[in-house]
Amino acid sequence: PLSLQVQPPDPASIRVLRGHQLPVTCLVISPDDRFIFSASKDGSLIKCKWEVESGKRLCVVPGGKKGTEERHMGHASHILCMAISSDGKYLATGDRNKLIMIWDAATCKRLHIFTGHRDAVSGLSFRKGTYQLYSASHDRCVKVWNVAENAYVETLFGHQDVITGLDSLSRECCVTAGGRDGTVRLWKIPEESQLVFYGHQGSIDCIQLINEEHMVSGADDGSLALWGLTKKKPLALARQAPYWISAVAALRNSDLLATGSHSASVKLWKCGEGFRKLEPLWDIPL
């Protein structure tokens, strides 16, 4: 298992990239690990591209006033989520003002704006190996888009509360976290069907697929749940209350997970045998 080989980082090796004036809301790393794209609540500095090696800021897309999105390059409200296609060609950003913008990741040029959501766009994910984009929103629905053709495909309904997170891998499906409706859902796009999972007590605020068969989610009651896509209830549930879990990450196809919460640290976890156990490894103070 990978979790046995991982060492805690040397605090001296943690680099800080500074440039945003206000809280950073989301970021993605390019598939070749060379660039970081970040976004913040900053009006003047909505989106940045950084070079990992040097820490240099390569391009900045300024924001603007609401209603001027067609005329200038950037968003006019907080960016809440981002996704990059698995070949690194397209970058998608979603904002509080219901818009999804598609960018050329190499040049930071805006290519298209998708409209259609009726509330804030809270999650974006490209299906691996394709230009199919999934989006989730506070309007409680998931939308499917074809970015290569600038086309809307379909809308999926089911959540009873704002959707707080979304993820996908290579299969034609995506998973979502439904906030206070207490459900995690798996959407099977071709069948137009969904599976509903129950297990958290609080608001489910973040979700990520570990592999094509398992996923992890975090909630504001401090619980972390490990799921198999064939079982309705969690395979494992860990509580670290009272710390609200605001972010989860999985090293794809491994047994290593990370969670972020307001405990001022990032916690690393090991998935035990058959994904039926969650064991804390260590904390990285931040």
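Residues numbered from 1 in each chain as written. Predicted model: local features only at pLDDT ≥ 70, side-chain atom pairs only at ≥ 80, totals over all residues. Heavy atoms only, no water.

1. Some remarks on the packing of aromatic side chains
- Going through the model one piece at a time under the given rule, you end up with 4 aromatic pairs.
- Ring centres 5.6 Å apart and planes at 70° place the aromatic pair W145 and Y152 in the edge-to-face group.
- Residue classification places W145 among the buried residues on the basis of a relative accessible area of 2%.
- Classification of Y152 by relative accessible area gives partly exposed; the value is 45%.
- Three or more aromatic residues joined by ring pairs form one cluster here, namely F114, W145 and Y152.
- Just above the ring of W103 sits the side chain of K47; from NZ or CZ to the centre is 4.3 Å. (Phe/Tyr/Trp six-rings, centres within 6.5 Å; stacked < 30°, edge-to-face > 60°. Buried < 20%, exposed > 50% of the residue type's maximum accessible area, 1.4 Å probe, protein only. Lys NZ or Arg CZ within 6 Å of the ring centre and 35° of its normal.)

2. Structural notes on the nonpolar core
- V28, F37, M82, I84 and L91 are the most contacted members of the largest nonpolar core, which totals 18 residues.
- When contributions to this core are tallied by element, the ones reaching two or more residues are β1 (24-29), β2 (35-40), β4 (57-61), β5 (79-84) and β7 (100-104).
- With 16 residues, the next largest nonpolar core counts C206, A238, L257 and C271 among its residues. (Core = buried A, V, L, I, M, F, W, Y, C linked by side-chain atoms within 4.5 Å. Helix = DSSP H or I, 4+ residues; strand = E, 2+ residues; numbered from the N terminus.)

3. Looking at the state of the cysteines
- Across all of its chains, the model carries 1 disulfide by this definition.
- Covalent S-S linkage joins C59 and C108, the inter-sulfur distance amounting to 2.1 Å. Here the S-S torsion is close to -65°, and the disulfide linking C59 with C108 is therefore left-handed. Placement of C59 in strand β4 and of C108 in the loop between β7 and β8 (109-114) is noted, with a sequence separation of 49 residues between them. Per residue, the accessibility class of C59 equals that of C108, and both read buried.
- The thiol of C48 is not disulfide-bonded; the next cysteine sulfur, from C59, is found 7.7 Å away.
- Judged by relative accessible area, which is 1%, C48 ranks as buried.
- C206 takes part in no disulfide bond, and the closest cysteine sulfur to it belongs to C81, at a distance of 14 Å.
- For C206, a relative accessible area of 7% corresponds to the buried category. (Disulfide = S-S within 2.5 Å.)

4. Observations regarding a nonpolar patch on the surface
- Taken together, V24, L27 and I29 make up a surface patch of nonpolar side chains, about 270 Å² in accessible area.
- Within the fold, I29 resides in strand β1.
- A relative accessible area of 45% places I29 in the partly exposed class. (Patch = residues over 30% accessible without salt bridge, like charges linked within 9 Å, V, L, I, M, F, W, Y side chains within 5 Å. Areas by Shrake-Rupley, 256 points an atom, 1.4 Å probe, with all protein chains shown as cover. Salt bridge = Lys/Arg side-chain N within 4 Å of Asp/Glu carboxyl O.)

5. Quick look at the UniProt feature "repeat: WD" (unreviewed entry) in the protein
- In the numbering used here, UniProt assigns the feature "repeat: WD" (unreviewed entry) to residues 17-45, 72-113, 114-155, 156-197 and 197-237.
- Between the end C-alpha atoms of residues 114-155 the distance is 13 Å, and the span holds 0% helix and 57% strand.
- The span residues 197-237 carries 0% helix and 54% strand; its end-to-end C-alpha distance comes to 13 Å. (UniProt positions renumbered as here; feature names shortened; annotations may be inferred.)

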